[in-house]
Amino acid sequence: MRRILVYIRKGLKKSFDNIRNEQLKHNLLQAIPFWIGSIITGFFAVMYAKIFSWGEGLLHYILNWHDWMIFFIAPVGFVLSWWLVKEFAPNAKGSGIPQVMAAVELANPKEHKKIRSLLSIKIIVFKILSSVVLVIGGGAVGREGPTIQIAGSIFRKVNEYLPEWWPKISKKNMIMTGAAAGLAAAFNTPLGGIVFAVEELSKTHINYFKTALFTAVIIAGLTAQTLAGSYLYLAYPKTNDVSLMVMFPIVLVAGIAGILASQLSVIMLKISSWKKRKLKTNRDHIIFLVGCALLIACISFFISREILGSGKEIIERVLFTQDKHEDWYVPILRMLGPALSFTSGGAGGIFAPALTAGASIGSVVSGIIHLTPNETNVVVLGGMVAFLTGITRAPFTSAIIVLEMTDRHSLIFHLMLAGMISSIFSILVSRHSLYDVLKMNFLTEIRNKEDQEA
């Protein structure tokens, strides 16, 4: 394999040496690593999506066979997911977005070697394994955040494998572009990927890497579409014949969702902090995880299965069927499930569960104030944007993602309003986003470990 790579590198170098125009040669060499990373990212995003969907399908198949099986598979899934991460790749836990944010901050001459603990091939493998095991066990997690860390790892490895004679590429730009490509491929939302890179990750002027960013997002998206077909994450909900008066329930839902999302973030951070202080041994962690799993199992068995999985089927039901109004307790379940799953120590994202929680809030409020089906759809989409904004504090990214996944461009102002209202209300609960606090925790752990080893 090594001989083949050497042969390919020599062949490429000879070909590029034949190009007379130095500027063209330099630009081409700068672009190729981004293109390669994007193609690989698109492939991994589709394969991971299929595996994750298979895991959710397997969970429902088992529960349809015998619903009491949740009392067995939930503890096994939670403990095994945590053990895989703890034993083989500690920084693969959770969403993956805070790890990418931390890697971007570490992408400087003094600390760039620390990035490999956050973005690597090992991270890719155990991120996928742990998250799929957790969702089979009933964990309320998503795959979108993990896809972003997977994509960041792919782009970092591509950059690392470049030969010495290749023009140097900024590690920071490479990681940010990889994250954007990962989000674009996960949701099939190219604009969302670009806005995410600018709003959440970039502390530098976009002009420095805009071409690489745009092309990487396009190529990753096209690769995903080639493998999975052209699709919308959530098809086309009906939103026609809706008056401007719908803005009032959108504001109401956005305010509620922003407060609840921010409060959920605070609760999850408190649980994580409590675990770090109190759970000192593997036995302690296992007891905690089994307790969480059995709580979810009891709710699933005796109350509702709505607490399980990413919750995408809930969004599809309220948007595309006549059954538009969820029971009042569903938003509580859609916050409790992610709170217990996300803090378990296994891998799994919060993007999809946040969208589901927001959709369920919009659905419940719409039922209380007796909105029409089309008005309900608009308010549900607003709730999705608002809850995701409350978690990420990225209102424009949230609005663009929901806009692109439903192709409802006429709702751009409705969705942006929901994001901005949520952003204002979420600050009343906590100034910092969940991702920002987790990013700082990762940076502190990595720097402290480096100092101890030194």
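Residues numbered from 1 in each chain as written. Predicted model: local features only at pLDDT ≥ 70, side-chain atom pairs only at ≥ 80, totals over all residues. Heavy atoms only, no water.

As recorded in an unreviewed UniProt entry, the chain goes by the name Chloride channel protein, listed as coming from Chryseobacterium turcicum. UniProt's Subcellular location (unreviewed entry) comment on the chain is quoted here verbatim: "Membrane". (UniProt positions renumbered as here; feature names shortened; annotations may be inferred.)

A. Spatial organisation of the pattern of salt bridges. Considering all chains together, one arrives at eleven salt bridges under this definition. Arg 143 is the partner of Glu 144 in a salt bridge, and the nearest nitrogen-oxygen pair spans 4.0 Å. A salt bridge links Arg 317 to Glu 326, with the shortest nitrogen-to-oxygen separation between them at 2.9 Å. Its relative accessible area of 10% is what places Glu 326 among the buried residues. Beyond isolated ion pairs, a larger network of salt bridges with shared partners links Glu 306, Arg 317, Asp 323 and Glu 326. (Salt bridge = Lys/Arg side-chain N within 4 Å of Asp/Glu carboxyl O. Buried < 20%, exposed > 50% of the residue type's maximum accessible area, 1.4 Å probe, protein only.)

B. Summary view of a nonpolar patch on the surface. A grouping of Phe 72, Val 76, Leu 80, Trp 83 and Phe 88 is seen on the molecular surface, where their side chains present a nonpolar patch of about 450 Å² in accessible area. Mapped onto the fold, Phe 72 is located in helix H3 (residues 70-88). (Patch = residues over 30% accessible without salt bridge, like charges linked within 9 Å, V, L, I, M, F, W, Y side chains within 5 Å. Areas by Shrake-Rupley, 256 points an atom, 1.4 Å probe, with all protein chains shown as cover. Helix = DSSP H or I, 4+ residues; strand = E, 2+ residues; numbered from the N terminus.)

C. Layout of the nonpolar core. Counting 73 residues, the largest nonpolar core has Met 384 and Phe 387 as its most contacted members. Top element by residues in this core is helix H15 (residues 373-392). It accounts for ten residues. Sequence-distant contacts of Phe 387, defined by excluding residues within four places in its chain, comprise Ala 257, Leu 260, Ala 261, Leu 264, Met 335, Ala 354, Ala 357, Gly 358 and Ile 361. Core analysis: the second largest hydrophobic core is formed by 51 residues, Val 46, Val 141, Leu 279 and Ile 296 among them. (Core = buried A, V, L, I, M, F, W, Y, C linked by side-chain atoms within 4.5 Å. Contact = heavy atoms within 4.5 Å.)

D. Here's a closer look at helix H4 (residues 97-106). With respect to burial, H4 is a largely interior element, nine of its ten residues being buried. Every buried residue of H4 is listed here: Ile 97, Pro 98, Gln 99, Val 100, Met 101, Ala 102, Ala 103, Val 104 and Leu 106.

E. The arrangement of the layout of surface pockets in detail. Of the voids in this model, the largest pocket is the one considered here, and its volume is about 1200 Å³. Elements represented by at least two residues in the lining of the largest pocket include exactly H3, H4, helix H5 (121-136), helix H10 (247-278) and helix H18 (434-453). Looking at which element gives the most residues to the lining of the largest pocket, the answer is H18, with ten residues. Residues that form the lining of the largest pocket fall into these classes: 16 nonpolar, 14 polar and twelve charged. (1 Å grid on protein atoms, 1.4 Å probe; cavity = no way out; pocket = protein on both sides within 12 Å on 5 of 7 lines; lining within 4 Å. Points joined across faces, edges and corners; volume = space filled by probe spheres on them. Nonpolar A, V, L, I, M, F, W, Y, C, P; charged D, E, K, R; others polar.)

F. Spatial organisation of the packing of aromatic side chains. For the structure shown, the criterion picks out nine aromatic pairs. Summarising the aromatic geometry, the rings of Phe 301 and Phe 302 are spaced 4.9 Å apart at their centres and angled 85 degrees between planes, so their arrangement reads as edge-to-face. Judged by its relative accessible area of 61%, Phe 302 falls in the exposed class. Cluster of aromatic residues (ring-pair linked, three or more members): Phe 71, Phe 301 and Phe 302. (Phe/Tyr/Trp six-rings, centres within 6.5 Å; stacked < 30°, edge-to-face > 60°.)

G. Expanded view of the packing of H4 against helix H8 (residues 190-201). Packing of H4 against H8 leaves a shortest axis separation of 11 Å and a crossing angle of 65 degrees. H8 is crossed by H4, and the crossing has right-handed handedness. Residue-level inspection shows Ile 97, Val 100, Met 101 and Val 104 of H4 in contact with H8, the latter providing Phe 196, Glu 200 and Leu 201. For the contact of H4 with H8, the class distribution of residues is six nonpolar, no polar and one charged. (Axes fitted to C-alpha atoms, helices over the stretch in contact; angles between N-to-C directions. Left-handed = near helix turned anticlockwise from the far one by under 90°.)

H. Summary view of the packing of H8 against helix H16 (residues 395-406). Packing of H8 against H16 leaves a shortest axis separation of 8 Å and a crossing angle of 175 degrees. When the axes of H8 and H16 are compared, the pair comes out roughly antiparallel. For the pair H8 and H16, the contacting residues are Pro 190, Leu 191, Gly 192, Val 195, Phe 196 and Glu 199 in the first and Pro 395, Phe 396, Thr 397, Ile 400, Ile 401 and Glu 404 in the second. Split into classes, the residues belonging to the contact of H8 with H16 amount to eight nonpolar, two polar and two charged. (Parallel < 35°, antiparallel > 145°, perpendicular 65-115°, else oblique.)

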